[in-house]
Amino acid sequence: MKILAMNKIIEETTIDVCESVDNAVVIYTTRQMAAQIGFNEAQQFLIATAASELSTNIIRYAKKGFVILRTISKNHDSRGIEIIAKDNGSGIEDIDRAMQEHFSTGNSLGLGLPSVKRIMDEFFIESSPENGTLVIAKKWR
Ligand SMILES: Nc1ncnc2c1ncn2[C@@H]1O[C@H](COP(=O)(O)OP(=O)(O)O)[C@@H](O)[C@H]1O
Ligand SMILES: [Mg+2]
């Protein structure tokens with residue numbers, strides 16, 4: 001699996017997630033940061049949705065973890081949003097299946113991870129029983 005390139009970090013904030021109200025903080029903060037670097041309202045909504053799918057998964061499947069939100073830049077003035085979601089839960093058994101639409105072990109829609117990948121421009125996922133789950137996703141303006 002491709003490792004994403006490092007980008008210059010302009011701003012960074014970490015949100016611990018363990019209960020559903022934390023999703024609201026993730027959504028609000030993501031929207032704010034996306035607005036700040038010039039994403040339109042529809043894009044802000046989509047990026048915030050991607051972030052909240054990841055924080056929802058942390059709460060549901062790993063109980064707790066954190067989300068790092070970054071504004072990043074590359075090639076001088078190209079700006080973007082980076083979402084890093086990390087937990088130390090028991091991991092995803094079969095990532096290929098988890099990335100398929102409508103696969104869920106939680107009796108829900110199973111659209112979370114596929115939509116994050118679709119919404120964002122870059123997507124990386126790594127998961128193991130020892131180290132839990134790490135998702136990194138970036139969206140360029
Ligand atoms: N952070 C996580 N830790 C462990 N398993 C996860 C995590 N995130 C996702 N999964 C697994 O991947 C599956 C697919 O996730 P997702 O696409 O968000 O759909 P849903 O949450 O509706 O099941 C989940 O059902 C779960 O089995
Ligand atoms: Mg989900």
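Above this text is the structure in question.
Residues numbered from 1 in each chain as written. Chains lettered and ligands numbered in written order. Predicted model: local features only at pLDDT ≥ 70, side-chain atom pairs only at ≥ 80, totals over all residues.

**Q** Sorry if this is basic, but what is going on with the packing of helix α1 (residues 21-36) against helix α2 (residues 41-62) here?
**A** Working note: a packed helix pair is described by the angle between its axes plus the distance between those axes. Following both chains from N to C, one finds α1 and α2 inclined at 145 degrees, their axes separated by 8 Å at the closest point. Classified by chirality, the crossing of α2 by α1 is right-handed. Here Asp22, Asn23, Val26, Ile27, Thr30, Arg31, Ala34 and Ala35 of α1 lie close against α2, whose contacting residues are Gln43, Gln44, Ile47, Ala48, Ala51, Ser52, Ser55 and Thr56. In terms of residue class, the contact of α1 with α2 is built from seven nonpolar, seven polar and two charged. (Axes fitted to C-alpha atoms, helices over the stretch in contact; angles between N-to-C directions. Helix = DSSP H or I, 4+ residues; strand = E, 2+ residues; numbered from the N terminus. Left-handed = near helix turned anticlockwise from the far one by under 90°. Contact = placed C-beta atoms within 7 Å. Nonpolar A, V, L, I, M, F, W, Y, C, P; charged D, E, K, R; others polar.)

**Q** How should I be thinking about α1 in this particular structure?
**A** An α-helical segment advances 3.6 residues per turn. Residues three or four places apart therefore align on the same side. A rise of 1.5 Å per residue sets the reference length of α1, with its 16 residues, at 22 Å; its end C-alpha atoms lie 23 Å apart and thus fit the reference within 8%. Considered for burial, the residues of α1 that qualify are Asp22, Asn23, Val26, Thr30, Met33 and Ala34. Looking down the long axis of α1, one finds its buried residues gathered within 105 degrees of arc, a one-sided arrangement. Of the exposed residues in α1, the ones pointing more than 90 degrees away from its buried face are Val21 and Ala24. Contacts from the buried residues of α1 go to β1 (8-17), α2, β2 (65-74) and β3 (78-87). Trailing α1 by a residue or two, Gly38 shows a phi angle of about 100 degrees, which is positive. (Expected span 1.5 Å × (residues − 1). Buried ≥ 20, exposed ≤ 12 C-beta atoms within 10 Å, placed from the backbone. Arc of directions from axis to C-beta.)

**Q** Would you explain the pairing of strand β5 (residues 132-140) in this entry?
**A** Residues in a regular strand point their side chains to alternate faces of the sheet. Where β3 lies against β5, eight bridges are found, and the strand directions are antiparallel. The residue bridging Ile83 from the neighbouring strand is Ala137, located in β5. Pairing between strand β4 (residues 122-128) and β5: seven bridges, direction antiparallel. Residue pairing for β5: Glu122 is matched across the bridge by Lys138. A loop of three residues connects β4 with β5, the two strands running antiparallel in sequence. (Pairing = 2+ DSSP bridges.)

**Q** Can you walk me through α2 in this structure?
**A** With 22 residues, α2 ought to run about 32 Å at 1.5 Å a step, and its terminal C-alpha atoms sit 31 Å apart, in line with that. Each element contacted by the buried residues of α2 is listed here: β1, α1, β2, β3, α4 (112-119) and β5. Two residues or fewer after α2 comes Lys63, characterised by a positive phi angle close to 75 degrees.

**Q** Where do I start with the sheet that holds β4 in this structure?
**A** Strand pairing in a sheet is mediated by backbone hydrogen bonds. Such pairs are either parallel or antiparallel. The antiparallel open sheet is built from five strands, whose spatial order is β1-β2-β3-β5-β4. Of all the strands in the sheet, just β1 and β4 have a single pairing partner and so form its edges. When strand polarity is set aside, the average angle formed by the axes of neighbouring strands in this sheet is 10 degrees. Where β1 lies against β2, nine bridges are found, and the strand directions are antiparallel. Across the sheet, Asp16 pairs through a bridge with Phe66, a residue of β2. Contacting β1, β2, β3 and β5, α2 crosses the sheet at an angle of about 10 degrees to β3.

**Q** Before we go on, may I ask you to explain the site of ligand 1 in this structure?
**A** Neighbouring ligand 1 are 22 residues, the closest being Asn57, Ala98, Ser104, Thr105 and Gly112. Listed by contribution, the elements that provide at least two residues to the shell around ligand 1 are α2 and α4. Residue classes in the shell around ligand 1 are distributed as ten nonpolar, ten polar and two charged. (Near = placed C-beta within 6 Å.)

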